[in-house]
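# Structural characterization, general
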Amino acid sequence: MKAEFWQELWESEQTGFHEGQVNRMLLKYGELLNLKENSRVLLPLCGKTHDIFYFLGKGHHVIGVELYEPAITALFEALKVKPNISREGAFTLYRATNLTIYVGDFFTITKAELENIDAIYDRAALVALPEAMRRKYSEHLNAITNAASQLLICFEYEQSQMEGPPFSVSADMVTSYYGNSHKVELQARQLVMGGLKGLDEAVESVWLLNSLNSEKSVC
Ligand SMILES: C[S@@+](CC[C@H](N)C(=O)[O-])C[C@H]1O[C@@H](n2cnc3c(N)ncnc32)[C@H](O)[C@@H]1O
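This section reports on the structure supplied with the text. (Residues numbered from 1 in each chain as written. Predicted model: local features only at pLDDT ≥ 70, side-chain atom pairs only at ≥ 80, totals over all residues. Heavy atoms only, no water.)

## Considerations on helix 6 (residues 131-145)
With 15 residues, helix 6 extends 22 Å between its outermost C-alpha atoms, agreeing within 8% with the 21 Å of an ideal straight helix rising 1.5 Å per residue. Residues of helix 6 that are buried include every one of Arg-134, Tyr-137, Ser-138, His-140, Leu-141, Asn-142, Ile-144 and Thr-145, and no others. Of the surrounding secondary structure, the elements contacted by the buried residues of helix 6 are strand 1 (40-43), helix 5 (111-114), strand 6 (119-123), strand 7 (149-156), helix 7 (171-178) and strand 8 (182-191). Count one or two residues on from helix 6 and you reach Asn-146, which has phi positive near 55°. (Helix = DSSP H or I, 4+ residues; strand = E, 2+ residues; numbered from the N terminus. Expected span 1.5 Å × (residues − 1). Buried < 20%, exposed > 50% of the residue type's maximum accessible area, 1.4 Å probe, protein only. Contact = heavy atoms within 4.5 Å.)

See the structure below:
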C-alpha cells in the first residue's frame, strides 16, 4: 500500500474507515491501558480519528503519525485548535497543547523523534496493511516504543471474500507479530455492526497487548 493509494482514497472521499465519533470499543476497553496522568499515547496511521479526542479528554499527550496532511488540517479544524506547524527532518509537525502529529511516513520515524511512548492505540492501522507490510509495521512499532503496551482493534473475516484494506487479522497473526514482545490477551470479539463493506460475517476483535518489558507493562 503506497502513499498514492491512501492519497487517492482521501481525495475521492472513500474514507469509510473514519468513524466521526469515538470508537465504541475504545470507550468500553480504553481503561484497560491503565494509563497514568499525562501519559504519552501513540496513534500510528491516525487519519483524523476522533479517538484522539478520547485521549485528550483524559488529559494525555497524543502523538499521531499520518501521511495525508489535509486529514490533519481537518483534525485541527474539528478540534477548533490552531496548530503550530514546523518542519523537522522528513516530517511536518502539527503541534498544540498535548497533541503532536507527525505528517509523513510512519516507517521512517525514529525512536529519538518520538521520545518516550507509554502506550499505543491501534485502530485500523495494522489492518490497513497487507501481510507483507504488517510484520515490518509491528517490528518498527516495537522498535520505536520499546514494545509499549497496546490496545489493538482488528477485523477478522474470510480474506478470500474481499480484498483489503481493511485486511483480516486473525488471532494467530496477532500472536505471531506480538507474542514475543507482549502478553497477548483477547478482550472482546463481536460481529461488526451493520457488516463490513457488505460482509455480514466480519468480526471486530479487541486485544490488550501487555508489554513484556517491565517498564512498559500496564500492570
Ligand atoms: C484505515 S485508515 C485509519 C485511520 C485511523 N486510524 C482511523 O481509525 O480512522 C489508515 C490511515 O493510515 C494512513 N497511512 C497509510 N500508510 C501510512 C504510512 N506509511 N505512514 C503514515 N500514515 C499512513 C492513511 O493515510 C490513512 O489515513
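Next comes the rest of the description.
## Quick word on helix 7
When we look at burial in helix 7, the residues that qualify are Val-174, Tyr-177 and Tyr-178. In an axial view of helix 7, the angular spread of the buried residues amounts to 75°, which keeps them on one side of the axis. Packing partners of the buried residues in helix 7 comprise helix 6, strand 7, strand 8 and strand 9 (203-211). (Arc of directions from axis to C-beta.)

## Regarding the pairing of strand 4 (residues 91-96)
Note: strand 3 (residues 84-88) against strand 4, five bridges, orientation antiparallel. Pairing of Arg-87 across the sheet is with Thr-92, part of strand 4. Following strand 3, the chain reverses through two residues before pairing antiparallel with strand 4; Gly-89 in that reversal takes a positive phi of roughly 60°. Here strand 4 runs beside strand 5 (residues 99-103); their pairing, made up of five bridges, is antiparallel. Bridged to Tyr-94 within strand 5 is Ile-101. Counted along the chain from strand 4 to the antiparallel partner strand 5, the turn is two residues long, and its residue Asn-98 has a positive phi close to 65°. (Pairing = 2+ DSSP bridges.)

## Re the site of the ligand
As a structural note, the neighbourhood of the ligand is formed by 15 residues, with Leu-45, Glu-66, Asp-105, Phe-106 and Arg-123 the closest of them. Leu-67 is positioned such that a nitrogen or oxygen atom in its backbone is 3.1 Å from a nitrogen atom of the ligand. One nitrogen or oxygen atom from the side chain of Asp-105 is found 2.8 Å from a nitrogen atom belonging to the ligand. Starting from 590 Å² of accessible surface for the ligand in isolation, the protein chains cover 96%. Residue composition of the shell around the ligand, by class: nine nonpolar, three polar and three charged. (Near = heavy atom within 4 Å. Polar contact = N/O pair within 3.5 Å; in protein donor to acceptor, adjacent residues only side chain to side chain. Areas by Shrake-Rupley, 256 points an atom, 1.4 Å probe, with all protein chains shown as cover. Nonpolar A, V, L, I, M, F, W, Y, C, P; charged D, E, K, R; others polar.)

## Notes on the packing of aromatic side chains
With the rule as written, the count across this model stands at ten aromatic pairs. Ring centres 6.2 Å apart and planes at 75° place the aromatic pair Trp-6 and Phe-17 in the edge-to-face group. With Trp-6 in helix 1 (residues 3-11) and Phe-17 in the loop between helix 1 and helix 2 (24-29), this pair connects stretches of sequence that are eleven residues apart. Residue class for Trp-6 comes out buried when judged on its relative accessible area of 15%. With 5.5 Å between their ring centres and 10° between their planes, Trp-10 and Tyr-68 make a pair best called stacked. Of this pair, Trp-10 sits in helix 1 while Tyr-68 sits in the loop between strand 2 (61-66) and helix 4 (69-79), placing them 58 residues apart in sequence. (Phe/Tyr/Trp six-rings, centres within 6.5 Å; stacked < 30°, edge-to-face > 60°.)

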